[in-house]
Amino acid sequence: MSNYMDKFIEVAKADKKTIILPESNDERTLLAAKEVLAQDIANIILIGDPATIDVEKYQLQNAQIVNPATSEKAPELANLLYETRKHKGMTLEEATAKVADNVWFGILMIKAGLADGLVSGACHPTIDVLSPALRVLKTAPGVKTVSSFFLMCVPNCTAGDDGVFFFSDPALCIQPTEDELVDITLATAQSFKDLMGYEPRIAMLSHSTYGSAKNDDALKVAHAAAKVKEIAPELKFDGEMQADAALDPSVGQAKAPGSEVAGYANTLIFPDLDAANIGYKLVQRLANATAYGPILQGLAAPVNDLSRGCTADEIVGTIALTCIQAQAFAAKQGK
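Residues numbered from 1 in each chain as written. Predicted model: local features only at pLDDT ≥ 70, side-chain atom pairs only at ≥ 80, totals over all residues. Heavy atoms only, no water.

A. Layout of the environment of Ala289. Mapped onto the secondary structure, Ala289 falls in the loop between helix H13 (273–286) and strand S10 (290–297). For the pair Ala289 and Ser168, spaced 121 residues apart in sequence, the C-alpha separation works out to 16 Å. (Helix = DSSP H or I, 4+ residues; strand = E, 2+ residues; numbered from the N terminus.)

Here it is, written out as structure tokens:
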């Protein structure tokens, strides 16, 4: 793990939270749970059948294991789901069926105040994590666009913050509008401040820098960038900007002279999901980078997705980041 992740783990440990892992049938998840418990990063709730979880092998004696099929909480959570969704036509019978699913059960536990966050996705597509989160927890007050980011740790890299970057949005918004790009940028800026503790340097990426190309795609990013500057002039932010101008000081000086971000960006806002998803996977595979996430932003409680190609270490890191998100949520709510 990177030195940054070591710091995140220490922050998580300072105010320990309870994190749910619904994918108890996935070995990477069990290895991650073992490491989290060994380092005392978080309290862990595994959702699944205890008979199928090798507690001794993975040293999970301190984990709570909850089986939806036998839990005394199941009827209470089914009724909670019914009350939450009956205005949308959900019946109690349908709610009871949903509660049998590990992810739905875990998210309902958060809704009921029984845990602080959830990490899933090692063997589930994003929609299987996001859909119950949106239906049960809904969005945070004032949020229009739920989005995501990866925290990327690139070894032997001097760009960004010694190789640490936020990449957004690689998981949710397929073709964001101008206004959605604005929402994504502002949410990612807040996530950076919550997790890193200082101000980001944000570049809104395009194949164009300052109007060097004129077409609809470049103009979308340019117009969104202008809106961000108007809404949040205090941000260290620039765009539209090509990736080399955002990351290389000499190129940044040539293409965007006078910019305080060009060449020094640590937060990259991509123009669409294709670019962001391809970009993070190229960096992950070609630069041997570690990718934590996708971390979701804009929900009413911390629920985070995982890439199905994730490692156990990446799950540990995502759990630590989820704990810090939960700490920030609690602080904003005065808890």
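From this point, things continue past the structure.
B. Quick peek at the state of the cysteines. Here the structure, examined in full by the defined rule, presents zero disulfides. As a non-bridged cysteine, Cys310 has Cys123 as the owner of its nearest cysteine sulfur, 8.8 Å distant. You can call Cys310 buried: its relative accessible area is 6%. (Disulfide = S-S within 2.5 Å. Buried < 20%, exposed > 50% of the residue type's maximum accessible area, 1.4 Å probe, protein only.)

C. The sheet that holds strand S4 (residues 117–119), seen in detail. The sheet built from five strands is open, its strands ordered S3-S2-S1-S4-S11 with parallel pairing. Two strands bound the open sheet, and with one partner strand each, they are strand S3 (64–66) and strand S11 (303–304). The sheet contact formed by S4 and S11 spans two bridges and is parallel. Bridging from a neighbouring strand, Leu118 pairs with Val303 of S11. In the packing of helix H6 (residues 102–111) onto the sheet, contacts are made with strand S1 (18–21), strand S2 (43–47), S3, S4 and S11, and the angle to S4 comes to roughly 160°. (Pairing = 2+ DSSP bridges. Contact = heavy atoms within 4.5 Å. Axes fitted to C-alpha atoms, helices over the stretch in contact; angles between N-to-C directions.)

D. Inspection of the side chain of Arg85 at higher detail. Mapping Arg85 onto the fold places it in helix H4 (residues 74–85). Buried and unpaired, Arg85 has no salt bridge, with Glu94 as the nearest side chain of opposite charge at 9.0 Å. In this structure, Arg85 is in contact with Met90, Arg135 and Lys138, ignoring residues within four places of it in sequence. (Lys, Arg positive; Asp, Glu negative; His and termini not counted. Salt bridge = Lys/Arg side-chain N within 4 Å of Asp/Glu carboxyl O.)

E. How the structure looks around the nonpolar core. Ranked by internal contacts, the top residues of the largest apolar core, which has 41 residues, are Ile44, Leu60 and Ile319. It is helix H14 (residues 312–332) that provides the largest number of residues to this core, a total of seven residues. Ignoring anything within four residues of it in the chain, the contact list for Ile44 reads Ile19, Leu21, Ala33, Val36, Leu37, Ala63 and Gln64. Of all hydrophobic cores here, the second largest spans 32 residues; its members include Leu81, Met109, Val136 and Leu172. (Core = buried A, V, L, I, M, F, W, Y, C linked by side-chain atoms within 4.5 Å.)

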